[in-house]
4 protein chains.
Amino acid sequence: MGAVKSKRVPRAVRERQMLDAAVLTFARRGYRAASMDEIAEVAGVSKPLVYLYLNSKEDLFSTVIRRESEALVAAVTAAVEPGGTADRQLWSGLEGFFAHTAEHPDGWAVLHQQARTHGEPFAHQVAAMRTEIVAFVTELLGAAAKEAGCVGELAEREVAGLAHALVGAAESLAEWANVRTDEGASGEREHPSAKDTAATMMNFAWTGLGRLTGGERWAPGGLAVDREGRSAARG
Amino acid sequence: MGAVKSKRVPRAVRERQMLDAAVLTFARRGYRAASMDEIAEVAGVSKPLVYLYLNSKEDLFSTVIRRESEALVAAVTAAVEPGGTADRQLWSGLEGFFAHTAEHPDGWAVLHQQARTHGEPFAHQVAAMRTEIVAFVTELLGAAAKEAGCVGELAEREVAGLAHALVGAAESLAEWANVRTDEGASGEREHPSAKDTAATMMNFAWTGLGRLTGGERWAPGGLAVDREGRSAARG
Amino acid sequence: MGAVKSKRVPRAVRERQMLDAAVLTFARRGYRAASMDEIAEVAGVSKPLVYLYLNSKEDLFSTVIRRESEALVAAVTAAVEPGGTADRQLWSGLEGFFAHTAEHPDGWAVLHQQARTHGEPFAHQVAAMRTEIVAFVTELLGAAAKEAGCVGELAEREVAGLAHALVGAAESLAEWANVRTDEGASGEREHPSAKDTAATMMNFAWTGLGRLTGGERWAPGGLAVDREGRSAARG
Amino acid sequence: MGAVKSKRVPRAVRERQMLDAAVLTFARRGYRAASMDEIAEVAGVSKPLVYLYLNSKEDLFSTVIRRESEALVAAVTAAVEPGGTADRQLWSGLEGFFAHTAEHPDGWAVLHQQARTHGEPFAHQVAAMRTEIVAFVTELLGAAAKEAGCVGELAEREVAGLAHALVGAAESLAEWANVRTDEGASGEREHPSAKDTAATMMNFAWTGLGRLTGGERWAPGGLAVDREGRSAARG
DNA sequence: GATGAATGAGTCTTCATTCAT
DNA sequence: CATGAATGAAGACTCATTCAT
């Protein structure tokens, strides 16, 4: 099992090996169920070395979260096309997001499933990252609303809700896509559906937003009309 | 602490007390960190009794998941207005969902955060419930597409993706709404924003879907029309 | 080894067994070197039971110190003859002290050697007891000075110093007597030299070496003259 | 914060640095709690070097004990005035003892508190030194008895007991004096009370409380006179 | 001469689980 | 029906000690 034993490796390298092992193990077992013994074994080193370099299980988990958070944010940031329209930026960002989570399913699992579930030191870290992303999305939605000529129509609180919904939808899709990928992957598929998933996401969210910024609202009786009384009926 | 000691309680009642205590404790601490000791203490019974009735920690957790799953599905099902249009049904279902999760935050936390994070026996159970809900949503989406005259155009896989996105968005909003509710609650507020949250969700998803079933697609360049240059409506 | 296994023992009894085992083990090995494993084994129970009843190694050590301190103080207090002169009281107290330490060498070792050597939580506890004893001795010395008609001549600080020296001497003698007893004991000697040791101590401290070398001896009845009836003075 | 890194230091010096660090650390933490890591860090060298020079923790502790024992014995021996009377010699020895322990509190703590508490290899070493000192005191007491014309009256066993009591008292006073000194020291006070402490000790032991309460005082020059001016001089 | 890299062994502590009453 | 008494097994963490450079 594990990698080939290689002795006398410089610290930086060993540290990375350990973090990789930790990501894998935390993703597979969860924070509590993952034992330092297993992490050390997966990393191909002895337990004391893990403690020497990473101090404690908590610190190790924290470090993992930080590393994976930063990697994810960096991937999304790098993917966003700087000069584009809001929808284009959102799309490229989503593509980066789906590509990264598909390529690093364990890291994503740690962030999305484990870190949020295990008490304050960690939940806070992920929440911070998520807030960062939600803020970015909120900004894009605002910009999109302006581009669509809808000035100040959407209450801030409403936009924030939409952003949360969008991010939640994206997270859910990322998980879904990963599961499907994991099962179906018989060999080396290049993170297959990042583009497709991003498109699905845009279709789901953007077209809806398009109408929304146009003044439409959904209401129990059907689509509501806007202020001017124009029909917004679905039929 | 713990409940008031009461002897000679019928089994069904005792069992419910234990399950309630378990839900509370699992939600608070997580599966691994919750100890049978604490659960027994919170339930106000001795540990052996917990084992006598619920067999093991795994069984206990399973039973909790089953109970909470069924309660959630029942709540959503009951909320759906039977004879209405697809959007109306989705809306009422969402309202039921948000109302139930707001009323039972611990149960929802166990389902959403804990059960999925702790390995196979449990993740599967929640996945089953989620599948049930996604299937229901998928069905509604299909019906909506038909209502909109869009016959068979949406690939099944696409609809499934949308359903997942929708459910993910709803889950994300549920968490968001609960957190905000928790903070703002100064006394006894009747899970206030279930309706609002459902509306936000519909605005986010449905209006988008409306266009979608109308043949619109988002594409890198913006909303695309179909090949013939006709207005995006596909009739 | 250890006592005969006896199952299902009431808590109070088990707790005492554990404390006895702890005293023995702490005395033999020292605080740090004593392992909870060994203590449990000596007590004839499993380790978790020790933790269930005594909480932690620190708590266990603290409890041991408290129990042994109280036992020692009680023994000395009980031995002091209430109505006697100061020297008589001191003598009887010393006898009680030496008798108790001879009968409970492990307890004494824990108090005198281990507790004071292992950091703040514990050193403080023993210091408190020691202070109590030193205060008692100081009081006796003051009374003795008065009885001897020496009013206010001895500065308080000086008396305190003397009391410390006296207690230190007694402690040293207790250790010395125990070691000699341990080695020499081939069978069951009833704590042999408590009276002798107390007498030695009184000769040393009370009458002073000066008089002692002049042939005087302290005895329960007062200062003794030598065989020839010469006055005790050496000059 | 160890010492400033200095390369290529002769072995003898490095060894002394390590021993100093060890004394400090053992005194602060105790034998078991002191880690070779900390000792190496305090000494400002790497751990392997400590092992290269001092072999093992046990060896290191042994070496420390030996060094400190010898230093203490040397200090006492050097302080004793060779040609004086027995009391004078005892007094000067005590002064040397108190001065040395005040100047080297860590060394004294290691000898008095740590070495005796941690099992056989070490307790024996300190016992040997103590025996040496007790023997010296015993000898002095014998000489004093002779000087006083008391030939063979004091049983050897009795004298040994007295010597032990005396040494114990001195040790207790040393600790007491040091603690009081530590607290009161606002800057650089030259171990102030060695003389005072020695005087207290002599008053306590040599003259005896009996004479003391009669108004006599021991002083470097011999017994002091009482209030009425009667001579109390021995010679 | 000196050290960064590495570990086997052991310690405290906790927990799910079971009897005997 | 209900529980006080008890434990096997495992997990986080530390430490004295050694190579290879």
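Residues numbered from 1 in each chain as written. Chains lettered and ligands numbered in written order. Predicted model: local features only at pLDDT ≥ 70, side-chain atom pairs only at ≥ 80, totals over all residues. Heavy atoms only, no water.

- If you look chain A up in an unreviewed UniProt entry, it shows as TetR/AcrR family transcriptional regulator from Streptomyces decoyicus.

Observations regarding helix α5 (residues 86-103) of chain B
Then, in step 1: If you check α5(B), its first and last C-alpha atoms are 25 Å apart, about what 18 residues at 1.5 Å a residue would give, namely 26 Å.
Then, in step 2: With 15 of 18 residues buried, α5(B) is to be regarded as a mostly interior element. (Helix = DSSP H or I, 4+ residues; strand = E, 2+ residues; numbered from the N terminus. Expected span 1.5 Å × (residues − 1). Buried < 20%, exposed > 50% of the residue type's maximum accessible area, 1.4 Å probe, protein only.)

Regarding the protein's contact with DNA strand E
Then, in step 1: Around DNA strand E sit 35 residues, and of these A:Arg8, A:Arg14, A:Pro48, B:Lys47 and C:Lys57 come closest.
Then, in step 2: A:Arg11 is positioned such that a nitrogen or oxygen atom in its backbone is 3.4 Å from a phosphate oxygen of DNA strand E.
Then, in step 3: B:Met36 has a polar backbone atom sitting 2.9 Å from a phosphate oxygen of DNA strand E.
Then, in step 4: Elements represented by at least two residues in the surface near DNA strand E include exactly α1 (11-29) and α3 (47-54) of chain A, α3 (47-54) of chain B, α3 (47-54) of chain C together with α3 (47-54) of chain D.
Then, in step 5: Among the elements that take part in the surface near DNA strand E, α3(D) stands out by supplying four residues, more than any other.
Then, in step 6: For the surface near DNA strand E, the per-class residue count stands at 17 nonpolar, six polar and 12 charged. (Near = heavy atom within 4 Å. Polar contact = N/O pair within 3.5 Å; in protein donor to acceptor, adjacent residues only side chain to side chain. Nonpolar A, V, L, I, M, F, W, Y, C, P; charged D, E, K, R; others polar.)

Considering the protein's contact with DNA strand F
Then, in step 1: Within the structure, DNA strand F sits among 35 residues, and A:Lys47, C:Arg8, C:Arg14, C:Pro48 and D:Lys47 are positioned closest to it.
Then, in step 2: Among atoms of DNA strand F positioned within 4 Å of the protein, sugar and phosphate together represent 56%.
Then, in step 3: Here a phosphate oxygen of DNA strand F and a backbone polar atom of A:Ala34 are 3.4 Å apart.
Then, in step 4: Between A:Met36 and DNA strand F, the recorded distance is 2.9 Å, taken from a backbone N or O atom to a phosphate oxygen.
Then, in step 5: A per-element tally of the surface near DNA strand F places α3(B) first, with four residues.
Then, in step 6: In terms of residue class, the surface near DNA strand F is made up of 17 nonpolar, six polar and 12 charged.

As for the pattern of salt bridges
Then, in step 1: Across all of its chains, the model carries 32 salt bridges over all chains by this definition.
Then, in step 2: B:Glu68 serves as the salt-bridge partner of B:Arg67, at 3.4 Å between the closest nitrogen and oxygen.
Then, in step 3: You can call B:Arg67 partly exposed: its relative accessible area is 25%.
Then, in step 4: For D:Glu171, the salt bridge goes to D:Arg130, with nearest N and O atoms at 2.9 Å. One end of the pair, D:Glu171, is in helix α8 (residues 156-184); the other, D:Arg130, is in helix α7 (residues 120-147), and 41 residues separate them in sequence.
Then, in step 5: What makes D:Glu171 buried here is its relative accessible area of 9%.
Then, in step 6: The class for D:Arg130 is buried, based on a relative accessible area of 13%.
Then, in step 7: What emerges from the salt-bridge pattern is a single network uniting A:Asp20, A:Arg67 and A:Glu68. (Salt bridge = Lys/Arg side-chain N within 4 Å of Asp/Glu carboxyl O.)

Observations concerning the packing of aromatic side chains
Then, in step 1: The final tally for this structure, using the stated rule, is 28 aromatic pairs over all chains.
Then, in step 2: A ring pair is formed by A:Phe26 and A:Tyr31, whose centres lie 5.7 Å apart and whose planes are at 35°; its orientation type is tilted.
Then, in step 3: Taking 4.7 Å as the distance between ring centres and 85° as the angle between the ring planes, the aromatic pair formed by A:Phe61 and A:Phe122 counts as edge-to-face. Note that A:Phe61 is positioned in helix α4 (residues 57-79) and A:Phe122 in helix α7 (residues 120-147), a separation of 61 residues in sequence. Both residues of the pair, A:Phe61 and A:Phe122, belong to the buried class.
Then, in step 4: One aromatic cluster in this structure is built from A:Phe26, A:Tyr31, A:Phe61 and A:Phe122.
Then, in step 5: Directly above the ring of D:Tyr31 sits D:Lys57, whose terminal nitrogen or CZ lies 4.8 Å from the centroid. (Phe/Tyr/Trp six-rings, centres within 6.5 Å; stacked < 30°, edge-to-face > 60°. Lys NZ or Arg CZ within 6 Å of the ring centre and 35° of its normal.)

A look at the side chain of B:Gln114
Then, in step 1: Among the structural elements, B:Gln114 can be located in helix α6 (residues 105-114).
Then, in step 2: Once residues within four sequence positions are removed from consideration, B:Gln114 is found in contact with A:Thr117, B:Phe26, B:Ala27, B:Gly30, B:Tyr31, B:Phe61 and B:Ala109. (Contact = heavy atoms within 4.5 Å.)

Here's the deal with the side chain of B:His118
Then, in step 1: Within the secondary structure, B:His118 sits in the loop between α6 and α7 (120-147).
Then, in step 2: Within the local environment of B:His118, its side chain forms a polar contact with the side chain of B:Gln114, the two groups lying 3.3 Å apart.
Then, in step 3: Ignoring anything within four residues of it in the chain, the contact list for B:His118 reads A:His118, B:Tyr31 and B:Arg32.

Considering the environment of D:Ala115
Residues and elements named next belong to chain D.
Then, in step 1: By the secondary structure assignment, Ala-115 is in the loop between α6 (105-114) and α7.
Then, in step 2: Here the alpha-carbon distance between Ala-115 and Ala-127, two residues 12 residues apart in the chain, equals 9.4 Å.
Then, in step 3: The contact partners of Ala-115, leaving out residues within four places of it in the chain, are Phe-61, Ile-65, Val-110, Phe-122, Ala-123 and Val-126.

Section: the environment of B:Thr101
Residue and element names in this part refer to chain B.
Then, in step 1: With respect to the secondary-structure elements, Thr-101 resides in helix α5.
Then, in step 2: For Thr-101, a relative accessible area of 1% gives the class buried.
Then, in step 3: The spatial distance from the C-alpha of Thr-101 to the C-alpha of Ala-174 is 6.9 Å, given a sequence separation of 73 residues.
Then, in step 4: A polar contact is formed between the side chain of Thr-101 and the backbone oxygen of Phe-98, at a distance of 3.1 Å.

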